[in-house]
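Now for the letters of each chain:
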Amino acid sequence: MSNESLFYQAFIYLVAAVLSVPIAKRLGLGSVLGYLLAGVIIGPFVLGFVGNEGEDVMHFAEFGVVMMLFLIGLELQPELLWRLRVPIVGLGGLQVLVTTIVFAGISLLFGLPWQIALAIGMTLALSSTAIVLQTLNEKGLAKTDGGQSSFSVLLFQDIAVIPMLALMPLLALEGAATAQNQVIFVAEAAEGTGLPAWQQALLVIGTVVGIILGGRFLMRPIFRFIADTRLREMFTAMALLLVIGIALAMQQVGLSPALGTFVAGVVLADNEYRHELESDIEPFKGLLLGLFFISVGASIDFNLLLRQPLLILGMVLGLAIAKFAVLFALGRIFRLEISQNLLFAFALAQGGEFAFVLFSFATQNRVLPPDVSEPLVAVVALSMVITPLLMIINEKLVQPRFVTEEVEREADEIDDNENPVIILGFGRFGQIIGRLLIANGCRPTLLEHDPSQIDLLRRFGWKVFYGDASRIDLLHAAGAEQAQLLVVAIDDPEKALEIVDLTHKHFPHLKILARAIDRRHAYELIRRGVEVVERETFSSALDMGVEALKLLGVRSYKAHRAARTFKFHDVEALRDMAAAEGDETMVLARSRQLAKDLGQLLQSDDRELTQEVDRAWDISALRKD
Amino acid sequence: MGNPNQILILFAHPALEKSRINRRLIQAVQELDAVTVHDLYEQYPDFHINVKAEQDLLLAHDIIVFHHPFYWYSSPAILKEWQDLVLEHGFAYGKGGTALRGKKFLSAITTGGGEQAYCRQGYNRFSVRELLVPFEQTAHLCGMEYLPPFVVQGTHQLQEQGELGKYTKDYHQVITAFRDGLVDWEKLYQFKHINHGLDQILKSQEVSHHV
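Small disclaimer: the values here were computed from a predicted structure and weren't measured. Position numbers for residues start from 1 in each chain and track the written sequence from start to end. To label them, take the chains in the order written and letter them from A, then take the ligands in the order written and number them from 1. Local features in this predicted model are restricted to residues of pLDDT 70 or higher, and side-chain atom pairs are both shown and tallied only at a pLDDT of 80 or more, whereas totals for entire chains, interfaces and linings draw on every residue. Side-chain numbers here rest on the full set of heavy atoms in the structure, without hydrogens or water.

A look at the sheet that holds strand β3 (residues 464-466) of chain A
Residue and element names in this part refer to chain A. Think of it this way: DSSP has to see at least two bridges between two strands before they count as a pair. Starting at the N terminus, helices and strands are each numbered in turn, a helix being any DSSP run of H or I of at least four residues and a strand any DSSP run of E of at least two. Strand order in the open sheet formed by six strands is β3-β2-β1-β4-β5-β6, and the pairing between neighbours is parallel. Strands with a single pairing partner mark the edges of an open sheet, and in this sheet they are β3 and β6 (532-535). For this sheet, the mean inter-axis angle between neighbouring strands, taken without regard to orientation, is 20°. Note that strand β5 (residues 511-516) and β6 share four bridges and pair parallel. Lines fitted to C-alpha atoms define the axes here, with helix axes fitted over just the stretch in contact, and angles between the N-to-C directions of these axes take values from 0 to 180 degrees.

Listed below in structure tokens is the structure:
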């Protein structure tokens, strides 16, 4: 592909996405459907901007799935994964097994040989990780019981692809033909390493162990090293390098890259750089997945559909109904509550992207004749398109009947992102706040941008994450949507204001408590409507003033009360002046401003404070009576 | 019926989250019209009472209620601090101190000990009314009319269901009756505690309409 046509392609895809996705979202259809429709529109059947190279694009874009699984891994603590072992192996295993048997049985009824029937059965048992997880996330259903069950099944399917790929060539009808398949990022069984089985097994185990050990012990110093450069793009590069590197390594040893990056994600889940990694990979994942959905839409062969509309549509319907039935029955067996079970069954009632891989692989290996596989590919693609529609039907028509049970249900905890308080900046100021909160049973999420600080705190068992707090995506990753309070405790006044503005814009529900560097900064914060503003040195200086008064012979309680009164008036004056301040801030130099402010303050201190304290305890007035 | 009486409830409880009875009592009157619940420990966690603001509050109300648990035969510390600071000479008493004259004063207290503990033979040796004398005298010196107190006794033994609910209802009734002026004043002063004769003291809504 020449540069020009690359840009042309990119232009077409981006225009399609930018136009159709916002419209689809506005119409309540969700982004996935928007991408798919965009693909259909620019595809060969409607506008014809994209031709056969759409297939290559699809294979490239499948890398988005790899990234998605990495991100999912990042959000999953190993303990949670362990807790999900029953749904993953039990529910997932049974789903694949039963659905395979059902579709193989149906194929046999249509008179196909058992090898073909088995290949079809296995392939159709898989669902679309990309579409389902994206849609569930978008609707905020990922953490419900139904969402977690869906995730468990999808994870098992992603693992099951590997043995399926290994099995395919054995099912070949006429002689073994090892076909050279195209670049398949997501799942490629490398049967070609030419090593004996035991060596192959050793290699696989070694690689997985390597990923786990590397993630545990190697990545922390590496991230530290990168973070010390303070170059944001280096961190992004490192994150991408990590994901791509693991994907390649897995491919080399014949494992699924998706599975590999997922494991890497889980290993890194309690790493302090997790939130930063998440927000770096997220946009790439989003775009690649979008690209993938578009290419799925573009790949639908509408000519085939027009030639045999009833057959194809019938098969789509049959596929969805059969899968739904199996899923629903299994959901019952695994005691999913009815509305969650419906969500689960609606979500997974489609064919998956692995089907494209498996079908083309099977065709190359002469397991499936093209006249069988081509309609099936179309059916799978169409079933993916109707998934977002099914989810909407479930949401709008089916779920309302179960609404009472639904509302009460709180989202399950999937990770430790859901702390009510986020503290930005965990230096001298933030630490005190954090310690007080933790001492009183509230665990805050902590973000800090100084790597050496993080190391120190980690050594004492604190969970501190690395990140530049002025990035809104990082706040997202830190759980700003679920949190109630945001404590801005960083020492950079400009950045603090920037964060306040961004937070007001993106997370208006968050109450902000901010550290003010000086009076001027406090004005700015107050004017921005920050709920709580504390000047960083005020309270400690006041305490020291009390001590000074005491050493001068003033009795403690009087000194204490004098300080309280002083503070009361000072805070009042601060609020007044913040309200009165106009644009002159810009004109006068900051130091002159502060000097002027101080002048005003000193005057009012003189006038009011001295007599006001404790009149009632002064009996001089009584004596006159 | 005229305008309702404005009622100020000065509420003092240093550990409300641990209280059973006071939390309910205060909830029962919190949202009432013409009733201001002023939670002193919440307002002044550092005891730095704003004298001017408190005096303004007093001026704006007709009936002042001291609502608190009975600690060492008196109020929790903050309410004592409040009295020391807010009831200034020249405001509440002494020369020119007429601001509170004609207002009514009610103590609403809860005691851990039961009724039998508060008599000559009991371990507290004095009756609740005797022990409340400092408050009665404070009201008197300020020219306020001292009402028989609302007293909940034996709070440690109160049953979740029945008794807690009954006292809560009583308190609500007393406060609304004072607010709406539905009180038989002659009967009222025949009782040591207002709760001893609620049926006779409080006039029902219907009766007052006919009057």
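Comments concerning empty space enclosed by the protein
Residues and elements named next belong to chain B. Cavities and pockets were defined on a 1 Å grid built from protein atoms only: a cavity is a group of points that admits a 1.4 Å probe but offers it no way out, a pocket is an open group of points flanked by protein on both sides within 12 Å along at least five of seven lines, and a lining residue is one with an atom within 4 Å of any such point. Grid points are joined across faces, edges and corners, and a volume is the space filled by probe spheres set on the points. A complete count under the given rule lists two cavities of 30 Å³ or more for this structure. Forming the walls of the largest cavity are Leu-58, Ile-64, Phe-66, Trp-82, Leu-87, Leu-100, Phe-105, Phe-135, Thr-138, Ala-139 and Met-144. Those elements giving two or more residues to the lining of the largest cavity turn out to be β3 (63-69) and α6 (133-141). With three residues, the single largest contributor to the lining of the largest cavity is α6. The class makeup of the residues in the lining of the largest cavity is ten nonpolar, one polar and no charged. Only Asp, Glu, Lys and Arg are considered charged in this grouping, and only Ala, Val, Leu, Ile, Met, Phe, Trp, Tyr, Cys and Pro are considered nonpolar; every other residue, Gly among them, is considered polar.

Notes on helix α4 (residues 63-75) of chain A
All names here are of chain A. Take the number of residues in a helix, subtract one, and multiply by 1.5 Å to get its expected span. Helix length check: α4, at 13 residues, gives a terminal C-alpha distance of 19 Å against a target of 18 Å (1.5 Å per residue), a fit within 8%. Whether a residue is buried, partly exposed or exposed follows from its accessible area with a 1.4 Å probe, protein chains only, as a fraction of its type maximum: under 20%, in between, or over 50%, in that order. Among the 13 residues of α4, twelve are classified as buried, and the element is accordingly described as predominantly covered. Burial in α4 covers these residues: Phe-63, Gly-64, Val-65, Val-66, Met-67, Met-68, Leu-69, Phe-70, Leu-71, Ile-72, Gly-73 and Leu-74.

A word on the interface of chain A and chain B
Whether two residues are in contact is decided by their heavy atoms: any pair within 4.5 Å suffices. Opposite the 13 residues of chain A that make contact, chain B presents twelve residues. Joining two parts hides part of their accessible area as seen by a 1.4 Å probe, and the buried area is that hidden amount summed over both. At the boundary of chain A with chain B, total buried surface from both sides reaches about 1,100 Å², with 47% on carbon and sulfur atoms. Between Lys or Arg on one side and Asp or Glu on the other, a salt bridge is scored when a side-chain nitrogen of the former is within 4 Å of a carboxyl oxygen of the latter. Taken together, chain A and chain B are joined by two salt bridges. Here B:Asp46 ties to A:Arg564 by a salt bridge, and the two come within 2.2 Å at their closest N and O atoms. Counting of polar contacts relies on pairs of N or O atoms within 3.5 Å, with two restrictions inside protein: one atom must be capable of donating a hydrogen and the other of accepting it, and residues adjacent in sequence are counted only when both atoms are side-chain atoms. Taken together, the links from chain A to chain B amount to five residue pairs in polar contact (both at pLDDT 80 or more). Residue assignment for the side of chain A that touches chain B shows that the elements contributing at least two residues are α26 (556-580) and α29 (620-624) of chain A. It is α26(A) that provides the largest number of residues to the side of chain A that touches chain B, a total of six residues.

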